[in-house]
There are 4 protein chains.
Amino acid sequence: MTNEPLKVGLIGGGGQAFIVHPHQRAIHMDGTRRVVCGALFPDPEQAMRQAREWPYPLRGYGSYEELIRAEAALPVGERVDYVLIVTPNHLHFDPALKCIQAGLPVFCEKPLTMDLEQADTLVAAVKKSGVPFAVAHTYLGHWTTHLARHIVRSGLLGEVRWADSSYLQGWLAARTEDENPQARWRVDPKCAGASCCGGDIGTHALMQLRFITGLEPTAVSAHMDAIVPGRQLDDHFVANLRLSNGARAMVRASQIAIGHLNDMAIEINGSKGSLMWRQEDPEQLRVMLPGRPDRVYWRGAVQPDEFLGELPQWLIDEGQRLPSGHTEGFHDAMARLHRFFERDIRAWRDGGKPSTDTPPYATVEDGRAGIAFIAASVQSHRNDNQWVSCA
Amino acid sequence: MTNEPLKVGLIGGGGQAFIVHPHQRAIHMDGTRRVVCGALFPDPEQAMRQAREWPYPLRGYGSYEELIRAEAALPVGERVDYVLIVTPNHLHFDPALKCIQAGLPVFCEKPLTMDLEQADTLVAAVKKSGVPFAVAHTYLGHWTTHLARHIVRSGLLGEVRWADSSYLQGWLAARTEDENPQARWRVDPKCAGASCCGGDIGTHALMQLRFITGLEPTAVSAHMDAIVPGRQLDDHFVANLRLSNGARAMVRASQIAIGHLNDMAIEINGSKGSLMWRQEDPEQLRVMLPGRPDRVYWRGAVQPDEFLGELPQWLIDEGQRLPSGHTEGFHDAMARLHRFFERDIRAWRDGGKPSTDTPPYATVEDGRAGIAFIAASVQSHRNDNQWVSCA
Amino acid sequence: MTNEPLKVGLIGGGGQAFIVHPHQRAIHMDGTRRVVCGALFPDPEQAMRQAREWPYPLRGYGSYEELIRAEAALPVGERVDYVLIVTPNHLHFDPALKCIQAGLPVFCEKPLTMDLEQADTLVAAVKKSGVPFAVAHTYLGHWTTHLARHIVRSGLLGEVRWADSSYLQGWLAARTEDENPQARWRVDPKCAGASCCGGDIGTHALMQLRFITGLEPTAVSAHMDAIVPGRQLDDHFVANLRLSNGARAMVRASQIAIGHLNDMAIEINGSKGSLMWRQEDPEQLRVMLPGRPDRVYWRGAVQPDEFLGELPQWLIDEGQRLPSGHTEGFHDAMARLHRFFERDIRAWRDGGKPSTDTPPYATVEDGRAGIAFIAASVQSHRNDNQWVSCA
Amino acid sequence: MTNEPLKVGLIGGGGQAFIVHPHQRAIHMDGTRRVVCGALFPDPEQAMRQAREWPYPLRGYGSYEELIRAEAALPVGERVDYVLIVTPNHLHFDPALKCIQAGLPVFCEKPLTMDLEQADTLVAAVKKSGVPFAVAHTYLGHWTTHLARHIVRSGLLGEVRWADSSYLQGWLAARTEDENPQARWRVDPKCAGASCCGGDIGTHALMQLRFITGLEPTAVSAHMDAIVPGRQLDDHFVANLRLSNGARAMVRASQIAIGHLNDMAIEINGSKGSLMWRQEDPEQLRVMLPGRPDRVYWRGAVQPDEFLGELPQWLIDEGQRLPSGHTEGFHDAMARLHRFFERDIRAWRDGGKPSTDTPPYATVEDGRAGIAFIAASVQSHRNDNQWVSCA
């Protein structure tokens, strides 16, 4: 039985939902995980119909409460091994909490919650229960993100002096929300919370920075502009940061930068060297050392060298799952999240300890850090961009 | 039942096999196809053990003959819906023929066969039986390949005047075959046939050219060099072509070009414009028109414009499955092959007609065209690069 | 005589000076301007010797005062037509003022002066005398800068909403000043003024933004860090701006970003489209429109199209001086500055009016705007990054 | 006097000539060379008028014979130090020969002559007279070309196994010759000789290959197509080569590849590594080693490293004339040719020996090699692409 695919349940994902589709591809990609049930839609009747009409028939539930109650009542091996929450932002907290309390592991879309209080509640619940919990910061799943992390954390770039992490889009440059439901809830404070651009994509940029450097923002001075007329929430976001090692940094995001698709990028400048990474070109990592040629490392073709020294074997192996030059993309990154989460769930189910290798998925604490960052940014913005502590 | 996942059987894929892994990810990716059985290895005992130890337990068979016999005896709905053949080159023909004769659809790795006679036999068998048959020219599965095809075939570039299709690798620049089994069979005439570089990757470049332009090579003058000492087969391949519209073209491939990973590229020069595409950067297509700015089209962000005019709705829809700027990679391209093959198998199973949209998978005739091209190239090379007809 | 090359005099440029060399190449490049004399060094004896040992013998002067006095005393046609000031920052003001007062046109390196008071004095002196005066913001001289300006000012991108102008270097990431005289004066408040990074290269980024958009910064919130231990002046600079049309913008600069050479870039996001330009890749300009392919315009290959509409003939002609695909570089950009300055000097000398085409050189008012920007930035930085008006 | 600028005379360059303009910029760029006279046009009256109306007044001559006679009669120091020949192809030979015979150094545009017999005559004349002679293969003047040469010739890439040198343009994709005089003489056998595309730009690709590798083509199998209807000469050129070390190579050129401006590129694959260079991006050189990150070397930022080992000091110095990140372009490359030619002329004039550093200009023997290559290519093309020896 240990070899049987993990069973996954969906909360949300019906109707015109988008992110559920990449998730289900990522879940299925290895053959060792399988979506088996779902509470796909708020309206019970539609929820049941959509479950039947899913690419293949799912065990349908009329509500997430029902799903959680019924599944938790099943014996291990029959019940879902984890629940994927892909509802709009304001519907993350309640099902997540109920899953944790019912002992069901959760893979939750970001941002974790609508406010810091909710986030604190989830952190406490996870701590208490020990249930595996992941937040979908997908870009952590790129292999090159892990190489970048290895390089920075090994001290190869020296002390981090400056980081510039950005995520630029252009799809909200016009009033897309008048037609597109994906846009509509994002610009609506009731569904999205206190920030649109910062919360939706600025947090990705923050998470990339935290994950790669291991540094935390300690204070923020933020500029959150609603550029397109009629918007209540920011569609353009710039935050100046102080980091836990004393360095400065910047987190930038925009949804009005026409021509940018999902242009997420990070650059780290250390005392001994720099690195650059771009999400839209995810198979390479550029490292720059003083007086040396730029070094372009390709996933799958990276071997220990005079700069890198030895590399952890798991990192080499992970990079060689697909030969270099055959692009790993978004689905592969997302599958890596689910794959590592699967590994940790199997270990937890068997009473063992999770691997010590850093997983590519964000934890509930990471999710909370994103919420705290946005809360501090909003406070800074409302007070003439003054510096606000990120507790 | 029509909604149930298609069942897939594997022939080959055990031991240190590589290509089976991307295939199984691509098969599973949508949740609507599932590997259920396999004859994974020549040795029956190992074959059975590897089936049990597959990421999840498969129905194991000791030989492909056994798999074909047993599965074909099951009723539709229980038996495999198609068989994936991922054995070395010299073991494609026999299982493929036996599957066709048993009425089992086949998804076969390339090259189709070891020689033209075998290829002709398969073409005839498929024609007679009507069984769906696909050849795994994965790069046809990129969305941008389809956009390129649409552009060229719509006449937007005018008459095709010149095409340069290339596939460069560097992994055989040293005597990799002394250690790497993936290299060993490729340089061995008994396993690989009459060509290493030309057959292994030159055929990909050819297929890309044929698919995008709709033109056939009519004659070839080929240069096939075994550059690394001790090799019997070519590790470097250059073919000058005449095309069916009278234009000239070039198909180039190398396995000794250090620094190239899987650097497949094609450029088409027409009387009204040009296009360029690279496999390692598969999300964009560059179009150049006289006196105009270069146009870079991104998958998912392409809309009808003053150059493209209207686009087929299926092409737009297909491009928007994943938002632009979130890279689709190799697995996505491969999944598109399996997805379209699934569609055609479901239609065939239901007695309906396959869609008229060109599938992204190569047919058995396409597979034969690759074999014919290599046969002509070998003949040209052995005769001082003289022009040889590609019948 | 009108056809005779203009005569140029040098103030500064001896010893280990660097910027004089590109200038003299740019001056000489067209054959219509020629360096004839110089006060090359503070020490009179060395100044005279270096003049003799210049690539070809110059008329030497022991001091700039002497040069100005002697040249101004010569009749037009024998005396220098303009003076190039290439001294360190703190030695711009005095010779510039004396030249103006003596009726000699000035081409001055940036930054214009050490403080706003000096800058105001020069502005007033130029206004009073009518003498042609240029400041060497070389990057304005790239043809693609002018195309960018044409596009933005024609309203083709709609209203400017956001601009990000940056200039990143890495050469001061270590204590270069311990050995390199070029670094030494830049980090020394006595020679460089109140800012190193902001003044030296941040002003280039500002000038690019002002020139292309025609907008002025109205307020600034600046972060000026001295990252390398022991420095008094900033080696890293981030300024958030408010622009005169109400939009926001950012001017960024760094000298500790290892791996960046002279990585100057600007992006403009308008309500109808965006543009991107990079100094290190100066022959192309990328324009992005919603739902359209990225457009890459190449110098020399730009023709009116459905986006650009008609282009000014002078812009087309200027772009075609060297066929596209043959890179114009730094010297070409600098030569364009000197060429337009030559044109205006000839017009002034003949009593005519300068051309109405915008010259690629910065005026004395532009130079003053740079000084005002740095002054406001310093004040902001010293007051917890509060917003300071740029008058 | 040794410090005085060299005096340059022009043969050709009047009317609508193009290449004379980059040359005069390159000649003047350093201040140490100056155009002083010219026989600019076939018609004597126009020639004299155009000399007066040159950007500044030149000493005009009515014919090149007159120029050569008159200048050679002047004493050294008054007469031209070298003559630049920028006439159409069929007018290179006669003035070049007459200059040599008159003892005047020659800088001649390529191709050297119309046929091999003429080329042999010039080679013999130069050998006999000892007069400095350069052929304008401008792309040899890029610093990165010299770094590439250093790398290949030092054996750092191991034995050269394959080279692919190409030059792609699109400007003759339509019948440009109906309007454009630059196109008209190039497609006319009487002015251009036996080849248009191969001779005009294929020879640049060949020269780049010879210069960087030090290898000679020993045999060629060429394909020369006249693709645009009505043309007598090739506008598309592909040559397969055997090289003097036994390796194979390819020289490709096209004038019908719409969207390519002056897209010259070379890749060398050696047994230990590869390098790639592109003329349109001339400031970087990419080196690829097995299992190592791609290395991107930037002009001006290259220091000895674990791969390069020590570098010749002159190469380092030459690379640092302009700080890295400030692009050197076409004019800089051309100026490097004239600068090294100046150095050799000064040495010759003083009776000294030319420097042993390889100059970036092609010699008369190099020019002859280009003519021989085209002659062999034409012969191959006319004989079904058979292999023809390049003597």
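### A few points about the overall build of chain A
Move 1: Across its full length, chain A carries 12 helices and 15 strands.
Move 2: For chain A, the C-alpha radius of gyration of 21 Å lies close to 21 Å, the compact-globule estimate for 391 residues.
Move 3: A buried classification covers 67% of the 391 residues belonging to chain A.
Move 4: Taking as baseline every contact in chain A between residues at least 6 positions apart, the subset at least 24 positions apart corresponds to 69%.
Move 5: Surface accessibility of chain A: about 12900 Å² in total, with carbon and sulfur atoms responsible for 51%.

### As for the interface of chain D and chain C
Move 1: With 39 residues of chain D in contact, the opposing surface of chain C contributes 39 residues.
Move 2: Roughly 3300 Å² of surface becomes buried between chain D and chain C when both sides are summed, with 54% attributable to carbon and sulfur atoms.
Move 3: Along the contact surface separating chain D from chain C lie zero salt bridges.
Move 4: Scanning the region where chain D abuts chain C turns up 14 residue pairs in polar contact (both at pLDDT 80 or more).
Move 5: Taken together, the residues that form the side of chain D that touches chain C break down as 17 nonpolar, 13 polar and nine charged.

### Notes on the confidence of the model for chain A
Move 1: Chain-level statistics for chain A give a pLDDT mean of 95 and a share of 98% at 70 or above.
Move 2: Interface confidence for the predicted complex, expressed as ipTM, amounts to 0.95; the pTM equals 0.96.

### Concerning the interface of chain A and chain D
It is common to give the size of an interface as the accessible area that goes away when the parts come together.
Move 1: Counting from both sides, the interface comprises 14 residues of chain A and, opposite them, 14 residues of chain D.
Move 2: Interface area lost by chain A to chain D is led by R292, P293 and D294 of chain A, which between them contribute 37%.
Move 3: At the surface where chain A touches chain D, the tally comes to two salt bridges.
Move 4: In this structure, R295 of chain D and E306 of chain A form a salt bridge, with 3.6 Å as the shortest nitrogen-oxygen distance.
Move 5: Run the count over chain A and chain D and you get six residue pairs in polar contact (both at pLDDT 80 or more).
Move 6: In terms of residue count, strand β14 (residues 294-298) of chain A provides more of the side of chain A that touches chain D than any other element does, five residues in total.
Move 7: One ladder, built from three bridges, connects β14 of chain A with strand β14 (residues 294-298) of chain D; its direction is antiparallel. Paired with R295 of chain A across the strands is R295 of chain D, a residue of β14 of chain D.

### A closer look at the sheet that holds strand β4 (residues 82-85) of chain D
Pairing between sheet strands relies on hydrogen bonds along the backbone, with the strands arranged either parallel or antiparallel.
Residue and element names in this part refer to chain D.
Move 1: Taken together, the six strands give an open sheet; going across it, the order is β3-β2-β1-β4-β5-β6, and neighbouring strands pair in parallel fashion. Looking at which strands have only one partner, the edges of the open sheet turn out to be β3 (59-60) and β6 (133-135).
Move 2: The strands that helix α1 (residues 20-28) touches are β1 (6-11), β2 (33-39), β4 and β5 (106-108); relative to β2, the one it contacts most, it runs at about 145°.

### Notes on the relation of the copies chain D and chain C
Move 1: Least-squares fitting of chain D to chain C yields an RMSD of 0.0 Å, with the superposition described by an axial translation of 0.0 Å and a rotation of 180°. The superposition operator between the copies reduces to a two-fold rotation axis.
Move 2: Of the residues that chain D buries at the interface, 100% are likewise interface residues in chain C, meaning the two copies contact each other through the same surface.

### Section: the packing of helix α4 (residues 93-102) of chain C against helix α5 (residues 116-129) of chain C
All names here are of chain C.
Move 1: At a minimum axis separation of 10 Å, α4 and α5 run at an interaxial angle of 15°. When the axis of α4 is compared with that of α5, the two are roughly parallel. In the packing of α4 onto α5, the handedness of the crossing is left-handed. Across from F93, A96, L97 and I100 in α4, the residues of α5 making contact are Q118, T121, L122, A125, V126 and S129.
Move 2: Each residue belonging to the contact of α4 with α5 can be placed in one class, and the counts come to seven nonpolar, three polar and no charged.

### Regarding the side chain of H23 of chain C
Residues and elements named next belong to chain C.
Move 1: Structurally, H23 can be placed in helix α1 (residues 20-28).
Move 2: Within polar-contact distance, the side chain of H23 engages the side chain of H338 at 2.9 Å.
Move 3: H23 has contacts with L84, V86, F107, E109, A136, M334 and H338, leaving out every residue within four places of it along the chain.

### Considerations on the relation of the copies chain A and chain D
Two copies of the chain are present, and they differ by a rotation about an axis and a shift along that axis.
Move 1: Between chain A and chain D, the superposition needs a rotation of 180° and an axial shift of 0.0 Å, giving an RMSD of 0.0 Å.
Move 2: Both copies contact each other with a shared surface, as 100% of the interface residues of chain A are interface residues in chain D too.

### Focus on the pattern of salt bridges
All names here are of chain A.
Move 1: As enumerated under the stated definition, the model contains 132 salt bridges over all chains in all.
Move 2: With its nearest N and O atoms 3.1 Å apart, the salt bridge here joins D164 to R252. Here the residue D164 occupies a position in strand β7 (residues 160-168), and R252 occupies one in strand β10 (residues 248-254), the gap between them amounting to 88 residues.
Move 3: For D164, a relative accessible area of 10% corresponds to the buried category.

### A word on helix α2 (residues 44-53) of chain B
An α-helix turns once every 3.6 residues. As a result, residues three or four positions apart point the same way.
Residue and element names in this part refer to chain B.
Move 1: Of all the residues in α2, the buried ones are A47, Q50 and A51. All buried residues of α2 lie within an arc of 105° about the axis, which places them on one face of the element. Counted as exposed and oriented over 90 degrees from the buried face of α2: E45, R52 and E53.
Move 2: Contacts from the buried residues of α2 go to β3 (59-60).

### Thoughts on the sheet that holds strand β1 (residues 6-11) of chain B
Move 1: What the six strands build is an open sheet, ordered β3-β2-β1-β4-β5-β6 (chain B); its pairing is parallel. The strands lining the two open edges of the sheet, one partner per strand, are β3 and β6 (133-135) of chain B.

### With respect to the pairing of strand β14 (residues 294-298) of chain C
Residue and element names in this part refer to chain C.
Move 1: Among the five residues that make up β14, five are buried, leaving the element largely enclosed by the rest of the structure.
Move 2: Pairing between strand β13 (residues 284-288) and β14: four bridges, direction antiparallel. Counted as the bridge partner of L285 is Y297 from β14.
Move 3: In this structure, the hairpin formed by β13 and β14 is closed by a connection of five residues, where G291 is found at a positive phi of approximately 65°.

### Focus: the side chain of Q118 of chain C
Residues and elements named next belong to chain C.
Move 1: Along the chain, the position of Q118 falls in helix α5.
Move 2: Polar contacts involving the side chain of Q118 include one to the main-chain amide nitrogen of M114, which spans 2.8 Å.
Move 3: In this structure, Q118 is in contact with F93 and T113, ignoring residues within four places of it in sequence.

### So, the nonpolar core
Move 1: In this structure, I151, L241 and F373 of chain A together with I151, L241 and F373 of chain B are the most contacted members of the largest nonpolar core, which totals 158 residues.
Move 2: The contacts of I151 of chain B, once residues within four sequence positions are left out, are L156, L157, L275, L285, V287, F307 and L308 of chain B.
Move 3: Core analysis: the second largest hydrophobic core is formed by 135 residues, F107 and L322 of chain C together with L215 and L243 of chain D among them.

### A closer look at the packing of aromatic side chains
Where two aromatic rings form a pair, the distance of their centres and the angle of their planes describe that pair.
Move 1: Inspection of the entire model under this criterion finds 32 aromatic pairs over all chains.
Move 2: The interplanar angle of 35° and the centroid separation of 6.4 Å between the aromatic rings of Y82 of chain B and F107 of chain B together place this pair among those described as tilted. Linking Y82 of chain B in strand β4 (residues 82-85) with F107 of chain B in strand β5 (residues 106-108), this pair joins segments that are 25 residues apart in sequence.
Move 3: By relative accessible area, Y82 of chain B is classed as buried at 0%.
Move 4: You can call F107 of chain B buried: its relative accessible area is 0%.
Move 5: An aromatic cluster is built from Y82, F107, F341 and Y361 of chain A, whose rings are joined through pairwise contacts.
Move 6: Residue placement shows R149 of chain A over the ring face of F211 of chain A; its charged tip is 4.3 Å from the ring centre.

### Section: the environment of I345 of chain D
Move 1: In this structure, I345 of chain D sits in helix α11 (residues 330-349).
Move 2: Contact partners of I345 of chain D, with chain neighbours within four places excluded, come to L6, D81, Y82, P105 and P132 of chain D.

So, how was this worked out
- Residues numbered from 1 in each chain as written.
- Chains lettered and ligands numbered in written order.
- Predicted model: local features only at pLDDT ≥ 70, side-chain atom pairs only at ≥ 80, totals over all residues.
- Heavy atoms only, no water.
- Helix = DSSP H or I, 4+ residues; strand = E, 2+ residues; numbered from the N terminus.
- Rg over C-alpha atoms; globule rule 2.2 N^0.38 Å.
- Buried < 20%, exposed > 50% of the residue type's maximum accessible area, 1.4 Å probe, protein only.
- Contact = heavy atoms within 4.5 Å.
- Areas by Shrake-Rupley, 256 points an atom, 1.4 Å probe, with all protein chains shown as cover.
- Buried area = accessible area lost by both parts, 1.4 Å probe.
- Salt bridge = Lys/Arg side-chain N within 4 Å of Asp/Glu carboxyl O.
- Polar contact = N/O pair within 3.5 Å; in protein donor to acceptor, adjacent residues only side chain to side chain.
- Nonpolar A, V, L, I, M, F, W, Y, C, P; charged D, E, K, R; others polar.
- pLDDT = per-residue confidence, 0-100.
- Pairing = 2+ DSSP bridges.
- Axes fitted to C-alpha atoms, helices over the stretch in contact; angles between N-to-C directions.
- Least-squares fit on C-alpha atoms with pLDDT ≥ 70 in both.
- Parallel < 35°, antiparallel > 145°, perpendicular 65-115°, else oblique.
- Left-handed = near helix turned anticlockwise from the far one by under 90°.
- Arc of directions from axis to C-beta.
- Core = buried A, V, L, I, M, F, W, Y, C linked by side-chain atoms within 4.5 Å.
- Phe/Tyr/Trp six-rings, centres within 6.5 Å; stacked < 30°, edge-to-face > 60°.
- Lys NZ or Arg CZ within 6 Å of the ring centre and 35° of its normal.

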